[in-house]
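Observations on chain architecture
This is what each chain is made of:
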Amino acid sequence: MNRRRVLKILGKIILTEAILMVPALIVALIYNEGDAPYLFCTIIFAALAGFALSGVKAPERRMGSRDGYCVVALAWIIISLIGAVQLYLTGQFRSYWSSLFEIISGFTTTGASVLAYPELLPHGVQFWRCFTHWVGGMGVLVFVMMIMPMENENSMHLVRAEVPGPIAGKLVPRMKKTSLILYGIYTAMTVILVILLLAGGLNLFDALTLSFGTAGTGGFSISSVGIAGYNSAYIEIVIGVFMLLFGINFNAYYLILIKRFKDVLKIEEIKWYLGFVAFAVVTITINICTSISAVSLCLRQAFFQVSSVITTTGFATVDFERWPEYSKHMLTLLMIIGACSGSTGGGLKVSRVIVMVKSFFTEIRHIIDPSAVTVVRLNGKPLDKDTLISVRVYASCYFMLICIFTLVISLNGFDMTTNLTAVLSCFNNIGPGLGGVGPMSNFSCYSDWAQCILSIAMLTGRLEIFPMFMLFSKSVHRRRGV
């Protein structure tokens, strides 16, 4: 591994984090609730550390893919360690590890919280907590590439390691321009959402923090009552629609911008994604109508919760823990499926589900007729062998890790439903689960060590397994240069 090159890039990333904390410091100064010193000191520390590391002299050598994976894993760990400091200094967390869990949940857009009353946090730190959703949604390193100079070959390795989904591609030849396009679309959609929420009667602070959670498909709430506290069908519908929009592959929005509408209609993943949503909304509405007489209310609640869960946002307007068993099972299934690749959502990803289903039927056809030529296609194009192997390996690792994480945290003594859905919600970056970590509960019930395990699950799930494992691989750390 080219260690000096890695340190130099990490320095740029830490500097970027210091810059990203500045808006929160401004909010803290406006509200004057005593949290400005926490933010200021953290910004100064991050800036000094970033300058020191970015000044490391590194040979002009291209980064390999293994360097890219290590940079991504290290970057997410380091920004979390630094970002948790001001949360811990507020005194609202029982330990630094709880504040680290909270900030990792923010950056990974999980939205799982250990706070029973988040409204007790001062506004500046609250803004930073929610802003991490927006930063982590599109990817920290994608943001860094947008504002910092970086070689195109090096940046491509970073994008492949960070952007969620089985296939990472470039919209345009230069990765810096790709980053600008992605964040341009992302920012424009966020601004539109903020305007719509302001039109619904929210104040600017609430509109911004809710928009950060919706855009990043994160789910942090700034109060203990969450979205339900606004008691507004308009707010519910607007956020529900935008959660779905942010769960779509951003390449589709780029194709719309350049007026390639036919290409958008050919994207199978979007068709399956919307199909899953429609099926879940209709069947859950029918299922919960037995306990709620108003069909329109059933439909609205089903739509919001399905949008929230499949996009792994994690907002909740009702306690779906009290819904019938079918509805709870359907939501758990949606937790696993997740959103589209190349979106801000988490989960297994719809594209992988498509490939796995098609691979299954292709294998059946091959067993029936071994001489037949069987090809798995996506969007009308045949998938190469490497992509198919990658999807199958990822799926195998995914289910194996879910089992391992669940087994480990079971030592904390909670029931299987609580443990399994806690791991699913953390690994898939969703937020609420069922049982003791249901939509009206939080993760404070777990001990510090269990929260650390769940923090690792969040990072592993957000970075899609391989960067975290490669970070601890001996072969990756063999010196290839200095």
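Placed above this text is the structure.
Residues numbered from 1 in each chain as written. Predicted model: local features only at pLDDT ≥ 70, side-chain atom pairs only at ≥ 80, totals over all residues. Heavy atoms only, no water.

As for unusual backbone geometry
Not every positive phi belongs to a glycine, and T217 is a case in point at roughly 45 degrees. Position of T217 relative to the elements: it lies in the loop between helix 11 (204-215) and helix 12 (233-246). For T217, a relative accessible area of 0% gives the class buried. Despite not being glycine, N429 has its phi angle at roughly 60 degrees, a positive value. Take N429: it is sitting in the loop between helix 20 (416-427) and helix 21 (448-462). (Helix = DSSP H or I, 4+ residues; strand = E, 2+ residues; numbered from the N terminus. Buried < 20%, exposed > 50% of the residue type's maximum accessible area, 1.4 Å probe, protein only.)

Focus: empty space enclosed by the protein
The tally for this structure, following the rule as stated, stands at two cavities of 30 Å³ or more. Of the pockets and cavities examined, the largest cavity occupies roughly 70 Å³. Looking at the largest cavity, it is lined by 13 residues, and the ones nearest its centre are G345, G346, K349, N429 and R462. (1 Å grid on protein atoms, 1.4 Å probe; cavity = no way out; pocket = protein on both sides within 12 Å on 5 of 7 lines; lining within 4 Å. Points joined across faces, edges and corners; volume = space filled by probe spheres on them.)

Remarks on the packing of helix 19 (residues 385-409) against helix 20
Two elements in contact, helix 19 and helix 20, have axes separated by 9 Å at closest approach and are oriented at 130 degrees. Our classification of the angle between helix 19 and helix 20 gives oblique. The element helix 19 and its partner helix 20 pack so that their crossing is right-handed. Together, Y398, L401, I402, F405, T406 and I409 of helix 19 and N419, L420, A422, V423, L424 and F427 of helix 20 make up the contact between the two elements. For the contact of helix 19 with helix 20, a count of residues per class yields ten nonpolar, two polar and no charged. (Axes fitted to C-alpha atoms, helices over the stretch in contact; angles between N-to-C directions. Parallel < 35°, antiparallel > 145°, perpendicular 65-115°, else oblique. Left-handed = near helix turned anticlockwise from the far one by under 90°. Contact = heavy atoms within 4.5 Å. Nonpolar A, V, L, I, M, F, W, Y, C, P; charged D, E, K, R; others polar.)

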